[in-house]
Structure formats: C-alpha cells, structure tokens
Amino acid sequence: MKLTARRQARELALQLLFQTEFAPQISYQTFLDVFEQSVDPEVTTYADLLVTGVQSHKEAIDAKIQASSAHWKVERMATIDRNILRIAVYEMKFAKDAIKENIAINEAVEIAKKYGTTESASFVNGLLDQVSKVH
C-alpha cells in the first residue's frame, strides 16, 4: 500500500471516529459506506481496520494517552486531537502489524496540521513522543 493511500486511510479513519463521537447511534459502517463509492478500496479497508482497532482497544489506548498527559484528561482534549492520538497509539502499540513509532508520530503530526488547530501538531507530537517512551 502506497504512503498516500495509508495517509488517506488515516484521514478517513479520523473522520469516521469523529463522526461516531457526535452521532454514536449511527454505526461508523454507515459513514464508511458513503465513502466507499469515491475512495480506493484499499483506503477504505485500512480505514476500517484502524477504526475497529481503535474501538476494540479504546480503554487501553486512552490509558496510554492519559499516562503520558500530565495536564490534560483524554475526554477534555479536542475531539480531532484525541482521535488522531488514538489512531497513532493504535498503530504504534496495538496493531497486529505495528508501524515504527517515528512514522506513526510523523503521520499524526501531518494530519494534525491539516485538521487540527494551530497548536494541534505540537500537542500531538509531544504527547506521542511521551507515549513512545513508555512500553
């Protein structure tokens, strides 16, 4: 899978996780079905893997984020930042084919620059750096 396809999948997963926080009564699969018409199948497949992975490991992922965040409770973080962090932590620590931490961090920072606030990229970078140091 090409790097751009992976990035697209991460961005799609972010959008799906974001949507499910605001409309938990609607299955993320419903949102994914909308994208399947216009997005490469390998993108939707990897996005689906990320969303289901984040959802199935959410408590453990949030615990790792919380342990690395001295000043912010996970539930108080911006929704975009929180879900970017969850995707990256899943890929670094829980995915069957975990990716290198520096790659996960770099991807998360780039996505934070695109979707987050002006502070999101540095916040995501600092927090994921802390997560990467904790085994």
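Here, the structure is the one placed above.
Residues numbered from 1 in each chain as written. Predicted model: local features only at pLDDT ≥ 70, side-chain atom pairs only at ≥ 80, totals over all residues. Heavy atoms only, no water.

Undergrad: Please clarify how the nonpolar core should be interpreted in this entry.
TA: The nonpolar side chains of a soluble globular protein tend to be buried, and buried together. Ranked by internal contacts, the top residues of the largest apolar core, which has 42 residues, are Leu16, Ile65, Ile84, Leu85, Ile87, Val124 and Leu128. Top element by residues in this core is helix α5 (residues 79–94). It accounts for 8 residues. Leucine 16 has contacts with Tyr28, Phe31, Leu32, Phe35 and Val51, leaving out every residue within four places of it along the chain. (Core = buried A, V, L, I, M, F, W, Y, C linked by side-chain atoms within 4.5 Å. Buried < 20%, exposed > 50% of the residue type's maximum accessible area, 1.4 Å probe, protein only. Helix = DSSP H or I, 4+ residues; strand = E, 2+ residues; numbered from the N terminus. Contact = heavy atoms within 4.5 Å.)

Undergrad: How should I be thinking about helix α7 (residues 120–133) in this particular structure?
TA: For an α-helix, 3.6 residues make a turn, and residues three or four places apart therefore share a direction. Compared with an ideal rise of 1.5 Å per residue, which puts 14 residues at 20 Å, α7 spans 20 Å between its outermost C-alpha atoms and is within 8% of the ideal. When we look at burial in α7, the residues that qualify are Ser120, Ala121, Val124, Leu127, Leu128, Val131 and Ser132. Viewed along the axis of α7, the buried residues span an arc of 145 degrees, placing them on a single side of the element. Exposed side chains of α7 directed beyond 90 degrees from the buried face belong to Ser122 and Lys133. Of the surrounding elements, those touching the buried residues of α7 are α4 (58–68), α5 and α6 (101–115). (Expected span 1.5 Å × (residues − 1). Arc of directions from axis to C-beta.)

Undergrad: How should I be thinking about the pattern of salt bridges in this particular structure?
TA: Under the defined criterion, the tally for this structure stands at 10 salt bridges. When the shortest N-O distance is used, the salt bridge between aspartate 129 and lysine 133 registers 3.1 Å. In this pair, aspartate 129 and lysine 133 are both assigned in helix α7, 4 residues apart and thus about one turn of the helix distant. Salt bridges here are not isolated pairs; linked through shared partners, they connect Arg7, Arg10, Glu91 and Glu107. (Salt bridge = Lys/Arg side-chain N within 4 Å of Asp/Glu carboxyl O.)

Undergrad: Even after reading the chapter, I still don't get the environment of threonine 20, so can you show me in this structure?
TA: Along the chain, the position of threonine 20 falls in helix α1 (residues 3–22). In this structure threonine 20 comes out as buried when scored by relative accessible area, which is 14%. As a C-alpha pair, threonine 20 and phenylalanine 31 span 11 residues in sequence and 8.7 Å in three-dimensional space. In this structure, threonine 20 is in contact with Ile26, Tyr28, Phe31 and Gln55, ignoring residues within four places of it in sequence. A distance of 2.9 Å separates the side chain of threonine 20 from the backbone oxygen of leucine 17, its partner in a polar contact. (Polar contact = N/O pair within 3.5 Å; in protein donor to acceptor, adjacent residues only side chain to side chain.)

Undergrad: Could you clarify how one ought to interpret the side chain of aspartate 81 in this entry?
TA: Looking at where aspartate 81 falls in the secondary structure, it is placed in helix α5. No salt bridge is formed by the buried aspartate 81, whose closest oppositely charged neighbour, arginine 82, lies at an N-O distance of 9.0 Å. Apart from residues lying up to four places away in sequence, aspartate 81 is in contact with Gly116, Ser120 and Phe123. (Lys, Arg positive; Asp, Glu negative; His and termini not counted.)

Undergrad: How should the environment of lysine 96 be read in this particular structure?
TA: The residue lysine 96 is located in the loop between α5 and α6 in this model. Residue classification places lysine 96 among the exposed residues on the basis of a relative accessible area of 79%. Between the C-alpha atoms of lysine 96 and tyrosine 46, which are 50 residues apart in sequence, the distance is 12 Å.

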